[in-house]
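# Breakdown of the fold
These are the residues of each chain, in order.
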Amino acid sequence: DSVWVVSLTDSTGRPLEGHSVGPLTDGASVSLACQANHGSSEVVSLAWLLEGDEVDVSWATAEKGVAINQLTLSNLHQEHRNAHLTCRLTALDPDHPYVAFNLTDASTFITMY
């Protein structure tokens, strides 16, 4: 049973899918969590990307079939305004060995004052 769901929450646990983070001020920090429900698949990576560039690839197993990556971005500036932030799960599915990798992601945007 392979189910790929990636969900984002802010530091208060509020879901972020379809929502933005902020508005934030210059110099602010933001903490986010990415939880990936990957079923029986093997996690290759659970990475945060900011405007397409990896900024955090550290993740841990929270429980069987669930991986988590917590990100803190510090000292945000105006160049982060409307920046696209994505958490991407890369997994191998043992039930479908002909598929190289399954990519599943969730995204949000950073809003600034």
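For the structure, check the block above.
Conventions we followed
Residues numbered from 1 in each chain as written. Predicted model: local features only at pLDDT ≥ 70, side-chain atom pairs only at ≥ 80, totals over all residues. Heavy atoms only, no water. Helix = DSSP H or I, 4+ residues; strand = E, 2+ residues; numbered from the N terminus. Rg over C-alpha atoms; globule rule 2.2 N^0.38 Å. Buried < 20%, exposed > 50% of the residue type's maximum accessible area, 1.4 Å probe, protein only. Pairing = 2+ DSSP bridges. Disulfide = S-S within 2.5 Å. Axes fitted to C-alpha atoms, helices over the stretch in contact; angles between N-to-C directions.

Moving on: the overall build of the protein chain. Looking only at helices and strands, one finds zero helices and nine strands in the protein chain. Its helices and strands in sequence order give the protein chain the pattern β-β-β-β-β-β-β-β-β, from N to C terminus. Whereas a compact globule of 113 residues would reach a radius of gyration of roughly 13 Å, the protein chain reaches 15 Å, a difference of no more than 12%. For the protein chain, the spread of C-alpha atoms along the principal axes amounts to about 45 × 25 × 25 Å. Within the protein chain, buried positions represent 38% of all 113 residues.

The next point concerns the pairing of strand β6 (residues 60-63). Sheet topology places β6 next to strand β7 (residues 66-73); three bridges connect them, and they run antiparallel. Following the sheet pairing, alanine 60 is matched in β7 by isoleucine 68. Connecting β6 to the antiparallel partner β7 that follows it, the hairpin turn spans two residues, and glycine 65 within it adopts a positive phi of roughly 80°.

The tally for this structure, following the rule as stated, stands at one disulfide. A disulfide bridge connects cysteine 34 with cysteine 87, and the sulfur atoms are separated by 2.0 Å. The sign of the S-S torsion, about -90°, decides the handedness of the disulfide formed by cysteine 34 and cysteine 87: left-handed. Of this pair, cysteine 34 sits in strand β3 (residues 30-37) while cysteine 87 sits in strand β8 (residues 83-92), and the two are 53 residues apart along the sequence. For the pair formed by cysteine 34 and cysteine 87, the shared burial category is buried.

At the junction of glycine 22 and proline 23, the peptide bond is cis and its omega measures out at 15° in the coordinates. Relative to the elements of secondary structure, proline 23 occurs in strand β2 (residues 20-24). Residues other than glycine seldom take positive phi values, yet asparagine 75 does so here, at roughly 55°. Under the relative-accessibility criterion, asparagine 75 is labelled partly exposed at 45%.

Read across the sheet, five strands follow the order β2-β9-β8-β4-β5 without closing on themselves; strand pairing throughout is mixed. The two strands at the open ends of the sheet, each matched to only one other strand, are β2 and β5 (53-56). Within this sheet the neighbouring strands show an average axis-to-axis angle of 30°, counted without direction. The pairing of β8 with strand β9 (residues 102-112) spans nine bridges and is antiparallel. Of the residues in β9, the one forming a bridge with cysteine 87 is alanine 106.

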